[in-house]
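# Structural overview
Residue strings, one per chain:
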Amino acid sequence: MAVTIEDLYRSYGILADAKDNLSQHKDAYQVIVDGVKGGPKEKRLAAQFIPKFFSSFPELADAAINAQLDLCEDEDVSIRRQAIKELPRFATGDNIPRVADILTQLLQTDDTAEFNQVNAALISIFKMDARGTLGGLFSQILQGEDIVRERAIKFLSTKLKTLPEDVMTKEVEEYVFAETKKVMEDVTGEEFVLLMRVVSGLRVLQTVNGRQQLVELVVEQAFLEQALNPADPDTVDRLLQCTRQALPLFSKNVHSTRFVTYFCEHVLPNLSALTSPVAELDIQLEVLKLLAEMSPFCGDMEKLEANLNMLFTKLLEFMPLPPEEVENGENSASEEPKLQFSYVECLLYSFHQLGKKLPDFLLDKVDSERLKDFKIRLQYFARGLQVYIRQLRVALQGKTGDALKTEENKIKVVALKITNNINVLIKDLFHNPPSYKSTVTLSWKPVQKAEAVALKRPSTEEMGSGGSTKKQISPQSRRDARQIYNPPSGKYSASIGNFNYEQRGGFRGGRGRGFGGRGNRSRGRIY
């Protein structure tokens, strides 16, 4: 006979009045558990009554949890929400990982209110037992369906950082790191980024040793022991993502040497052959920017001279020779070389940073003819720079506030910062012997202090970053550009600003795991 509303209230009354003798009324609790087989009203009451007396009947624990789980999977969303809301009351002792596992599976719901309720329930049991809750979450991440795995990882990446220190203790954080390393053995690109966000935020890893461990985690994903296949967009994408994740971890004590070495030995030689993972990404500039950002943190390098030589060779490719002059001193009618300012800024900066480690490179390691050729190119580039810098300063003269926020002026502000940076670095290399003492802030890096810019003679540090361009800034005829000198046209990359793109797959073979299907609503009852 089906359980009725009256049966449920009667059994509730018996248990409520029993006080210390609850365990003697097992039959009454069984009636409440059987309420899940009734109609909508009976189910709603059962969803509230089952957890209330759950702890008093350990022999019926499995039946009670399974009954509540049936309600969590009911067709009526209001019943599901009520049952989910009450699930944390089952989270006692050894049941916590099991309840966490159930809640993690329930993250696959497409109902927004229900999804939020699952999140709230997980947070509440986190505060009861963080380690036990994480056990349930990681169980599903490692073994669950893809949709559950995806949402569980997103839950960790957004919620862990909101939990207080008394919940996320040192031991709990160490457990998170250990389990994350297991998950990292087989991840997609998006999962990798999210999991790095999880572990990078752990307080226990905010030490030199901790950051080094994080770098090692990234190195394992980057496949730095393998040669680069520049034609494979997934391989290129993996390298980009891993380098991006490693960058914030590098410091004077946590070195970027392995990444810088890999870029010099495998990426620069294949720069023009790189296949971009997304169409709108200037892949050559992207890798040059990454190399530039890493170069200040490079430690002792085994093949420093060879790597400097590769940087030097690549720099020459982007620094053109001046056009040949005909007999009357006029420039030939051939097309003027294009100055790739954004590329040169990256390469010059990287060369300048690594050059500090071998200051006699240009003096003793480069033959005289090649050095002479380099200085001609530097001089030609420097003369073109001076014209652009003057033009940009005139264009930005007196502009402040909103006037600097127009797209055109944002481009000019960044262009001025790029040209100023190159100018400073070229001056260092013109010293005899070459100097490596000047410091510049890369044009796409944020300035430390935002200030309104009134441009009389703006310095590098005063120029803010932002904006991007596909325009070429062509020089106008000016008296101070002597008639015998026809400056080349210049190019600022369309990717001046930070570029963010959707993460692709391609990590560890795309996680080709085989899982048993459990259906849309059935959680498989394996726990």
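Residues numbered from 1 in each chain as written. Predicted model: local features only at pLDDT ≥ 70, side-chain atom pairs only at ≥ 80, totals over all residues. Heavy atoms only, no water.

An unreviewed UniProt entry lists the protein under the name Apoptosis inhibitor 5, with Haplochromis burtoni as the source organism. Taken verbatim from the UniProt record of the protein, the Subcellular location (unreviewed entry) comment is "Nucleus". The UniProt entry for the protein carries the following text under Sequence similarities (unreviewed entry): "Belongs to the API5 family." (UniProt positions renumbered as here; feature names shortened; annotations may be inferred.)

### Things to note about the overall build of the protein
Assigned secondary structure in the protein consists of 20 helices and two strands. By residue count, 51% of the 527 residues in the protein fall in the buried class. Of the contacts formed within the protein by residues at least 6 apart in sequence, a portion of 76% connects residues at least 24 apart. By element, 48% of the accessible surface of the protein is carried by carbon and sulfur atoms, the whole surface being about 24,800 Å². (Helix = DSSP H or I, 4+ residues; strand = E, 2+ residues; numbered from the N terminus. Buried < 20%, exposed > 50% of the residue type's maximum accessible area, 1.4 Å probe, protein only. Contact = heavy atoms within 4.5 Å. Areas by Shrake-Rupley, 256 points an atom, 1.4 Å probe, with all protein chains shown as cover.)

### As for the environment of Phe-54
By the element assignment, Phe-54 lies in the loop between helix H3 (40-52) and helix H4 (61-72). Its relative accessible area of 4% is what places Phe-54 among the buried residues. Counting along the chain gives 38 residues from Phe-54 to Thr-92, while the straight-line C-alpha distance between them is 10.0 Å. With residues up to four places along the chain from it excluded, the contact list for Phe-54 reads Tyr-29, Ala-61, Ala-64, Ile-65, Arg-89, Phe-90, Thr-92 and Asn-95.

### Observations concerning helix H19 (residues 368-396)
Its 29 residues place the ends of H19 41 Å apart at the C-alpha level, agreeing with the 42 Å of an ideal helix rising 1.5 Å per residue. Capping the start of H19 is the job of one residue whose side-chain oxygen sits 3.2 Å from the backbone nitrogen of Glu-369: Asp-367. (Expected span 1.5 Å × (residues − 1). Polar contact = N/O pair within 3.5 Å; in protein donor to acceptor, adjacent residues only side chain to side chain.)

### Quick notes on the nonpolar core
Counting 152 residues, the largest nonpolar core has Tyr-29, Leu-103, Leu-362 and Phe-374 as the members making the most contacts within it. If one sorts the elements of this core by residue count, helix H17 (residues 341-355) sits on top with nine residues. Excluding residues within four positions of it along the chain, Tyr-29 makes contact with Leu-15, Phe-49, Ile-50, Phe-53, Phe-54, Phe-57, Leu-60 and Ala-64. Counting seven residues, the second largest nonpolar core, distinct from the first, contains Ile-389, Leu-396, Ala-415 and Leu-416. (Core = buried A, V, L, I, M, F, W, Y, C linked by side-chain atoms within 4.5 Å.)

### Points about the packing of aromatic side chains
Where two aromatic rings form a pair, the distance of their centres and the angle of their planes describe that pair. Scanning all chains against the criterion turns up 15 aromatic pairs. Considering the side-chain rings of Phe-126 and Phe-155, the 6.3 Å spacing of their centres and the 20 degrees angle between planes classify their relative orientation as stacked. Of the two residues, Phe-126 is situated in helix H7 (residues 112-126) and Phe-155 in helix H9 (residues 146-159); the sequence distance between them amounts to 29 residues. Grouping residues by exposure puts Phe-126 and Phe-155 together as buried. Between the aromatic rings of Phe-341 and Phe-381, the centroid separation amounts to 5.5 Å while the plane-to-plane angle is 80 degrees, which identifies the pairing as edge-to-face. Linking Phe-341 in helix H17 with Phe-381 in helix H19, this pair joins segments that are 40 residues apart in sequence. For the pair Phe-341 and Phe-381, a shared accessibility class is recorded, and that class is buried. Grouped by ring-pair contacts, the aromatic residues Tyr-9, Tyr-12, Phe-49 and Phe-53 constitute a single cluster. The ring of Trp-444 has Lys-289 lying over it, and the distance from NZ or CZ to the ring centre is 5.2 Å. (Phe/Tyr/Trp six-rings, centres within 6.5 Å; stacked < 30°, edge-to-face > 60°. Lys NZ or Arg CZ within 6 Å of the ring centre and 35° of its normal.)

### As for unusual backbone geometry
The phi torsion of most residues other than glycine is negative, and most of the peptide bonds are trans. Cis geometry is found at the peptide bond from Asn-432 to Pro-433, where omega equals 0 degrees. Secondary-structure assignment places Pro-433 in the loop between helix H20 (407-430) and strand E2 (489-491). Unlike most non-glycine residues, Phe-223 shows phi in positive territory, near 55 degrees.

### Let's talk about helix H2 (residues 26-34)
Within the sequence span of H2, burial applies to Ala-28, Tyr-29, Ile-32 and Val-33. End-on, the buried residues of H2 take up no more than an arc of 145 degrees, which puts them together on one face. Along its buried surface, H2 packs onto helix H1 (5-18), H3 and H4. (Arc of directions from axis to C-beta.)

### Points about the environment of Leu-156
In this fold, Leu-156 is placed in helix H9. Along the chain, Leu-156 and Leu-194 lie 38 residues apart, while their C-alpha atoms are 8.5 Å from each other. Contacts of Leu-156, omitting those with residues within four sequence positions, involve Leu-134, Leu-137, Phe-138, Ile-141 and Val-198.

### Remarks on the packing of helix H15 (residues 283-294) against H17
H17 packs onto H15 with a crossing angle of 30 degrees between their chain directions and a minimal axis gap of 8 Å. Accordingly, the angle class assigned to the pair H15 and H17 is roughly parallel. Relative to H17, H15 is oriented so that their crossing is left-handed. For the pair formed by H15 and H17, the contact residues are Gln-284, Leu-285, Leu-288, Lys-289, Leu-291 and Ala-292 on the first element and Ser-342, Tyr-343, Cys-346, Leu-347, Tyr-349 and Ser-350 on the second. For the contact of H15 with H17, the class distribution of residues is eight nonpolar, three polar and one charged. (Axes fitted to C-alpha atoms, helices over the stretch in contact; angles between N-to-C directions. Parallel < 35°, antiparallel > 145°, perpendicular 65-115°, else oblique. Left-handed = near helix turned anticlockwise from the far one by under 90°. Nonpolar A, V, L, I, M, F, W, Y, C, P; charged D, E, K, R; others polar.)

### Examining the pattern of salt bridges
Applying the stated criterion across every chain yields a total of 24 salt bridges. Members of the salt-bridge network, linked through shared partners, are Arg-244, Glu-286, Glu-293 and Lys-445. (Salt bridge = Lys/Arg side-chain N within 4 Å of Asp/Glu carboxyl O.)

### A few points about the packing of helix H5 (residues 77-86) against H7
For any two helices packed against each other, one specifies the inter-axial angle together with the distance between the axes. Two elements in contact, H5 and H7, have axes separated by 9 Å at closest approach and are oriented at 10 degrees. In terms of axis orientation, H5 runs roughly parallel to H7. Residue-level inspection shows Val-77, Arg-80, Arg-81, Ile-84 and Lys-85 of H5 in contact with H7, the latter providing Ala-113, Glu-114, Gln-117, Val-118 and Ala-121. When its residues are assigned to classes, the contact of H5 with H7 shows five nonpolar, one polar and four charged.

### What to know about the side chain of Ser-435
With respect to the helices, strands and loops of the structure, Ser-435 is situated in the loop between H20 and E2. Look past the residues within four positions of Ser-435 in its chain and what remains in contact with it is His-352, Asp-428 and Leu-429.

### Concerning the confidence of the model for the protein
Within the protein, residue pLDDT values average 83, and 82% of them lie at 70 or more. Summarising per-element confidence for the protein, the mean pLDDT is lowest in E2 (50) and highest in helix H14 (residues 257-267) (97). The low-confidence segment residues 450-489, where pLDDT is below 50, has 97 contacts with residues more than four positions distant or belonging to other chains. Per-residue pLDDT stays below 50 along residues 493-527; that stretch engages in 114 contacts with residues further than four places along the chain or on separate chains. (pLDDT = per-residue confidence, 0-100.)

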